[in-house]
Amino acid sequence: MTQNSDQHSASTIWGGRFAGGPSAVMQRINASIGFDKRLYAQDIRGSKAHCAMLVKAGILSAADGAAIDDGLNRILAEIESGQFQFKTELEDIHMNVETRLAELVGEAAGRLHTARSRNDQVATDFRLWVRDTLDGMEGALQGLQAALLDKAEAHAASIMPGFTHLQAAQPVTFGHHMLAYVEMFGRDRSRLKDARARMNECPLGAAALAGTSFPIDRHMTAQALGFDRPTANSLDSVSDRDFALEFLAAAAIAATHLSRLAEELVLWTTAQFRFVALSDGYTTGSSIMPQKRNPDAAELVRAKAGRVIGNLNALLIVMKGLPLTYSKDMQDDKEPVFEAADTLELSIAAMTGMIRDLTVNTQRLKDSAGAGFTTATDIADWLVRVAGVPFRQAHHITGRIVRLAEERDCGLEDLSLEDLRAVDARITQDVFSVLSVEASAASRTSHGGTAPANVAAAVAAARQRFL
């Protein structure tokens, strides 16, 4: 084989420096086309913007620019129609596109890479992809909020037990409980918006690491690609992956919120709780126990949070020891982001479906709301408000009343006035007005409280804020 052939076998991309080709193992570990082909639309979009800027700057002729632009359009059509052949030996999406462009338009294709490197090219492509994903994810979370708000509105007055330590604490409403998740997912959307604003700077034109000697217009390409501005430092431009980490961090928090809601659905659908029922579309049966109705969708959402959190951890570990600027380690930045995005998108869709189809057992909720002496705090508050008892003393008095009810194996509302006055003579018949679970919930009228009137108003306000 001639030396020129050896160089060609080494790599059509960078083979001029090498006499021999890479080993089969090196080709496998070095190639990223198996996953970064997902960046094709962003890669072509970035190349078209770069081409237009080179033409305007006089670096590329108008004829070459038109040929390149037409070729890129043809490649985009080939990929989207499934006719494009991705080649592992070409390593990545950038060289797959560039090689095909050369087949289509000839020598002009080789001029497209003037004043840029794969370093700033991939940084731009990846930012564009993450930005597009952030927009889609934010919309998906809004859809989940809409489903939760519909349930909250329908059950603004449905009394249920509120829990601390998974022990019955005080009566709340099911609508109020749903609104808690509306707030959580609202914060998730806010984090995604913050991440988008912070990452919306364009690395294109930073070239390999030091910028370029060509008279390029980075503001033009930034504007063409919808960025607010070009990045300020060429070294940081090609080595920064904060935007990917920030997306993964926001995704991990959102996945954690989804997992908490999924855990509640798993608990609430058990025979012991029977608070809600999931539809056939989101449950499965058992291969041996015909009575089973398993909340598999909720369980899988709960499990998938671990994968999203793991992807965040994986990329943090990849980045933590890298000196400036680009290192090949950073090729492994995409798979964690891609997998996290896919996983979170599926989890949001599954949770939205579960919530929309959810059947709420309002009678069971109400029956459970009084279990565990959940109106005990209402007695203490009554003693403070009506009898003028200091709260710490009222707390102690109420504790003795609860112990009496436990000994009698009855609810607080089942104790007689004489029983209550035997504990403290300041108690009057009026105390029974606060002992029902409905009265307890209705009394929580402070801002953000669970009173049904509050919940109805909060639903209306949340629709204005989030939808």
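Residue numbering note: each chain is counted from 1, following its sequence as written. pLDDT decides what is reported in this predicted model: residues at 70 or higher carry local features, side-chain atom pairs at 80 or more are listed and counted, and totals for whole chains, interfaces and linings draw on all residues regardless. Only hydrogens and water are set aside; all other atoms, that is, all heavy atoms of the structure, feed into the side-chain values.

Draft legend 1. Main features of the pairing of strand β1 (residues 159–164). By the bridge criterion, 6 bridges tie β1 to strand β2 (residues 167–173) in an arrangement that is antiparallel. By the bridge assignment for β2, F163 is matched with A168. In short, DSSP must find at least two bridges between two strands for them to pair. The numbering of helices and of strands both runs from the N terminus, where a helix is a DSSP run of H or I of at least 4 residues and a strand a run of E of at least 2.

Draft legend 2. Summary view of unusual backbone geometry. Following L324, the chain continues to T325 via a peptide bond in cis, the omega torsion being 5 degrees. Along the polypeptide, T325 turns up in the loop between α12 (296–319) and α13 (334–357). At F373, a position not held by glycine, the phi torsion is positive, near 55 degrees. Note on placement: F373 falls in the loop between α14 (362–369) and α15 (376–385). Burial classification: accessible surface area is computed with a 1.4 Å probe over protein chains only, and a residue below 20% of its type maximum counts as buried, one above 50% as exposed, and the rest as partly exposed. The partly exposed category is assigned to F373, whose relative accessible area is 21%.

Draft legend 3. Seen up close, the nonpolar core. Put simply, a nonpolar core is a bunch of buried Ala, Val, Leu, Ile, Met, Phe, Trp, Tyr and Cys residues held in one set by side-chain atoms that sit within 4.5 Å of each other. Counting 92 residues, the largest nonpolar core has F247 and M351 as its most contacted members. Looking at this core element by element, the count peaks at 16 residues for helix α11 (residues 242–268). Those residues within four positions of F247 in sequence are excluded, and the remaining contacts are V130, T133, L134, M137, L192, V337 and A341. Formed by 22 residues, the second largest nonpolar core is a distinct cluster that contains W382, L383, I397 and L412. Here, two residues are considered to be in contact whenever any of their heavy atoms come within 4.5 Å of each other.

Draft legend 4. Main features of α11. Taking 1.5 Å per residue, 27 residues should reach 39 Å; α11 reaches 39 Å between its end C-alpha atoms and fits that length. In terms of burial, α11 is largely enclosed, as 19 of its 27 residues are buried. In a helix, the anticipated span is given by 1.5 Å times the number of residues less one.

Draft legend 5. Looking closely at the packing of helix α4 (residues 40–56) against helix α5 (residues 62–80). Axes here mean lines fitted to C-alpha atoms, for a helix over just the part in contact, with angles spanning 0 to 180 degrees between N-to-C directions. Packing of α4 against α5 brings their axes to within 9 Å, and their N-to-C directions diverge by 170 degrees. When the interaxial angle is binned, α4 and α5 end up roughly antiparallel. Residues Y40, A41, I44, S47, K48, C51 and V55 of α4 form the contact with α5, whose participating residues are A62, G65, I68, D69, L72, N73, I75, L76, I79 and E80. Under the convention adopted here, Pro, Cys and the residues Ala, Val, Leu, Ile, Met, Phe, Trp and Tyr are nonpolar, Asp, Glu, Lys and Arg are charged, and Gly plus all remaining residues are polar. When the residues that make up the contact of α4 with α5 are grouped by side-chain class, the tally is 11 nonpolar, 3 polar and 3 charged. Should an angle fall under 35 degrees it is taken as roughly parallel, and over 145 as roughly antiparallel, whereas 65 to 115 is taken as roughly perpendicular and any remaining angle as oblique.

Draft legend 6. Local environment of the packing of aromatic side chains. Each Phe, Tyr or Trp ring, with Trp reduced to its six-membered ring, pairs with another whose centre is within 6.5 Å; inter-plane angles below 30 degrees give stacked pairs, above 60 give edge-to-face pairs, and intermediate values give tilted ones. The full count for this structure, using the stated rule, is 9 aromatic pairs. For the pair F126 and F243, a centre-to-centre distance of 5.4 Å together with 75 degrees between the ring planes defines the contact as edge-to-face. Taken together, the residues F126 in helix α7 (residues 118–154) and F243 in helix α11 connect sequence positions 117 residues apart. We classify F126 as buried; its relative accessible area is 0%. Ring pairs connect the aromatic residues F163, F174, W268, F273 and F275, which therefore count as one cluster. Look at NZ for Lys and CZ for Arg. If either is within 6 Å of the ring centre and within 35 degrees of the ring normal, a charge sits over the ring. For the cation-ring pair, R38 lies above F338, with the distance from its terminal atom to the ring centre recorded as 4.8 Å.

Draft legend 7. Here's a closer look at a nonpolar patch on the surface. Nonpolar side chains collect at one region of the surface, where L209, L235 and L324 lie side by side and expose about 270 Å² of accessible area between them. Take L324: it is sitting in the loop between α12 and α13. Patch definition: residues above 30% relative accessible area lacking any salt bridge, with like charges linked at up to 9 Å and the nonpolar side chains Val, Leu, Ile, Met, Phe, Trp and Tyr linked at up to 5 Å. Note on areas: Shrake-Rupley with a 1.4 Å probe; residue coverage comes only from the protein chains shown. Salt bridge, as used here: a side-chain nitrogen of Lys or Arg that lies within 4 Å of a carboxyl oxygen of Asp or Glu.

Draft legend 8. Broad picture of the pattern of salt bridges. The full count for this structure, using the stated rule, is 29 salt bridges. The partner of R463 in a salt bridge is D150, and the shortest N-O contact between them spans 3.0 Å. Of this pair, R463 sits in helix α19 (residues 452–466) while D150 sits in helix α7, placing them 313 residues apart in sequence. With a relative accessible area of 24%, R463 lands in the partly exposed category. Under the relative-accessibility criterion, D150 is labelled partly exposed at 36%. Ionic contacts of the salt-bridge type, sharing partners, join the residues D150, E153, R356 and R463 into one network.

Draft legend 9. Quick peek at α4. Across its 17 residues, α4 extends 24 Å between first and last C-alpha, which sits within 8% of the 24 Å expected from 1.5 Å per residue. Inspection of α4 places Q42, D43, I44, G46, S47, A49, H50, C51, M53 and L54 among the buried residues, and these make up the whole buried set. Against α5, α6 (93–105), α7 and α9 (218–224) lie the buried residues of α4. A positive phi of about 80 degrees marks G58, the residue just after α4.

Draft legend 10. Focus on the environment of S368. Structurally, S368 can be placed in helix α14. Judged by its relative accessible area of 12%, S368 falls in the buried class. Among residues more than four places away in sequence, those in contact with S368 are P161 and F275.

Draft legend 11. Layout of the packing of α7 against α11. Where α7 meets α11, the closest approach of the two axes is 11 Å, and the angle between their N-to-C directions is 20 degrees. Taken together, the axes of α7 and α11 are roughly parallel relative to one another. Crossing geometry of α7 relative to α11 is assigned as left-handed. When α7 is examined against α11, the residues A123, F126, R127, V130, T133, L134, M137, L144 and L148 are found in contact with a partner set consisting of F243, A244, F247, L258 and L261. Taken together, the residues that form the contact of α7 with α11 break down as 12 nonpolar, 1 polar and 1 charged. In this scheme the crossing of two helices becomes right-handed for a clockwise turn of the near helix relative to the far one and left-handed for an anticlockwise turn of less than a right angle.

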